[in-house]
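Residues per chain are reported as follows:
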Amino acid sequence: MGNIIFKRKLYSRLLEWKNRRQGGTAILVEGARRVGKSTVVEHFAKNEYESYILIDFNRASKDIRELFDDLTNLDDFFMRLQQHYHTILKPRQSLIIFDEVQKCPMARQAIKYLVADGRYDYIETGSLISIKKNTNNITIPSEEERVDMYPMDYEEFRWALGDDVTVTLLRQFYEGKKPLGAAHRKALRDLRLYMLVGGMPQAVLSYLENNNLSLVDQVKRDILSLYIDDFQKIDPTGNVERLFLNIPAQLSSNISRYQPYPVIGDKSGKRMAELLQALSESKTTLFCHHCTDPMVGMSLYKDLSRYKIYLADTGLFVTSCFWDKEYTENIIYNKLLSDKLEANLGYVYENLVAQMLASSGNKLFYYTFPKDEKHNYEIDFLLSRGNKIVPIEVKSSGYRTHKSLDVFCEKYSPRIGDRILIYTKDYQQDGQTQCIPFYMTPLLE
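In short, a report on the structure. Not measured: the values here are computed from a predicted model.

### Considering the pairing of strand β14 (residues 433–437)
A large share of β14 lies buried, amounting to 5 of its 5 residues. The side-chain alternation of β14 yields two buried faces, one formed by T433, C435 and P437 and the other by Q434 and I436. With 5 bridges connecting them, strand β12 (residues 419–423) and β14 associate as parallel partners. Bridge pairing in β14 links L421 to C435. As paired elements, strand β13 (residues 428–430) and β14 share 3 bridges and run antiparallel to each other.

So, in structure tokens, the structure goes:
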């Protein structure tokens, strides 16, 4: 089973780009390490082109890197590439892949001239694409589309388990505004498995091969260790690593924003911005910014100083919650599997919703406003739909109370479209509020 290629939605996006652009742009696939970028892109190359060359800049030789320093003779450039990789390139029928392109900034700059040449198609993959050291002294090509790749979403996870129908059926129930009834408990149990395993392909593969969550947990720890090693290379002071590892603690404290200064001490505004950019550009995290005025066009009202941070993969988040403990002490596995997740562990569900919304293409925003002198109301997530906004409140229990949602919708009633409560019970309508189970979150498109 080790050679299995999981079905990923990125494949369809790449095919749409190939047919629409016809070599008019390159496409850059951004995502955290180990989310499956290289696997999907190479699978796409094998299926959709007569030949391809994959240049892995983690391992590319000095001779290959130096080819990008002088592109005055493209005939010579292509001849040398074909000779080195023992591959014949065919005009308009071949693809060249720049894997981990951030490791060779001159290759990224070369995209402008290679696309203009028009002979071949180009796909780039990478993370930390916009970090200063990876963009210094180069011209960022305008002939470059960007697409984000996330860990496997819930539908891709079900596909990996051989289930091609569940999410399609869930969509029918959601669009028909109907509860699942007797099937609800199984649907929620299936979702909890996704929360535990997560969407990193190596973790999913381990589950399929071993059906052992202890072994899956070790795979996830290996991935987290890889991320930490990367953070140490980016920032030898360890500040990015500490910001990353403190995410579960900050979410569990139920504060209205991530507070970096208690974690890494007093830093200048510029230095703090650099550290946070590195964390964001690694694509291992999801930033959810406070919106100062909740209306359509929320990016215009993004408060850069107030944000929450989630992990891009809830499976990794579960493991990171107990980073200092062995698997056998990790009570969250048993509690999640048995549906006995305590209220003070509800931040796991909040991370899940953040991941699902981001994977569906949503930018993440939240909103707080005063309740009294000491307390605030909070809307966990805000979506923009047409000329309306959709407020979302998340509850890790089955309780239907949604006071924050009610007060918010009364305060901003002309701006409100749907109003959503996400919780653990079956679908139901509570007045104007749709109460939907967590497994329907990806359907909020």
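### What to know about the pattern of salt bridges
Oppositely charged side chains are able to pair whenever their charged atoms sit close together. Tallied over the full model, the rule gives 31 salt bridges. Of the charged contacts, one joins D76 and R80 as a salt bridge, the two residues approaching to 2.9 Å between their closest N and O atoms. You can see D76 and its partner R80 sitting in helix α4 (residues 74–85), 4 residues apart, about one turn around the helix. Accessibility expressed as a relative area gives 27% for D76, which makes it partly exposed.

### Overview of the environment of R171
Note that R171 resides in helix α7 (residues 166–175). With 155 residues separating them along the chain, R171 and E326 place their C-alpha atoms 38 Å apart. In this structure, R171 is in contact with L443 and E445, ignoring residues within four places of it in sequence.

### Some remarks on a nonpolar patch on the surface
On the surface, V165, L169 and F173 cluster together into a nonpolar patch covering about 240 Å² of accessible area. Within the secondary structure layout, V165 lies in the loop between α6 (154–160) and α7. Taking relative accessible area as the criterion, V165 reaches 48% and is therefore assigned partly exposed.

### Quick word on the side chain of R221
By the secondary structure assignment, R221 is in helix α10 (residues 213–234). Among the polar contacts made by the side chain of R221, one reaches the main-chain carbonyl oxygen of F322 at a distance of 3.3 Å.

### Re the sheet that holds strand β4 (residues 121–126)
Read across the sheet, 5 strands follow the order β2-β3-β4-β1-β5 without closing on themselves; strand pairing throughout is parallel. Only two strands of the sheet have a single partner each, and these edge strands are β2 (51–56) and β5 (144–148). Strand-to-strand twist in this sheet, taken as the mean axis angle between neighbours without regard to direction, amounts to 20°. Pairing of strand β1 (residues 26–30) with β5, which is carried by 5 bridges, proceeds in the parallel orientation. Along β5, the bridge assignment pairs L28 with R146. Each of β1, β3 (94–99), β4 and β5 is contacted by helix α5 (residues 105–117), which is oriented at about 165° to β4, the strand it contacts most.

### Comments concerning the sheet that holds strand β10 (residues 381–385)
Strand order in the open sheet formed by 5 strands is β10-β11-β12-β14-β13, and the pairing between neighbours is mixed. In this open sheet, the two strands that pair with only one neighbour each are β10 and β13. Direction aside, the axes of adjacent strands within the sheet are offset by 25° on average. Direction of pairing for β10 relative to strand β11 (residues 388–394): antiparallel, over a ladder of 5 bridges. Residue pairing across strands places S384 opposite I389, the latter belonging to β11. The strands touched by helix α17 (residues 347–359) within the sheet are β10, β11 and β12, with β10 carrying the most contacts at an inclination of about 20°. Across the sheet, helix α18 (residues 403–411) is in contact with β10, β11, β12 and β14; its angle to β11 comes to roughly 160°.

What counts, and where the lines are drawn
- Residues numbered from 1 in each chain as written.
- Predicted model: local features only at pLDDT ≥ 70, side-chain atom pairs only at ≥ 80, totals over all residues.
- Heavy atoms only, no water.
- Buried < 20%, exposed > 50% of the residue type's maximum accessible area, 1.4 Å probe, protein only.
- Helix = DSSP H or I, 4+ residues; strand = E, 2+ residues; numbered from the N terminus.
- Pairing = 2+ DSSP bridges.
- Salt bridge = Lys/Arg side-chain N within 4 Å of Asp/Glu carboxyl O.
- Contact = heavy atoms within 4.5 Å.
- Patch = residues over 30% accessible without salt bridge, like charges linked within 9 Å, V, L, I, M, F, W, Y side chains within 5 Å.
- Areas by Shrake-Rupley, 256 points an atom, 1.4 Å probe, with all protein chains shown as cover.
- Polar contact = N/O pair within 3.5 Å; in protein donor to acceptor, adjacent residues only side chain to side chain.
- Axes fitted to C-alpha atoms, helices over the stretch in contact; angles between N-to-C directions.

Interpretation note: all reported values are geometric properties and have no functional meaning in isolation.
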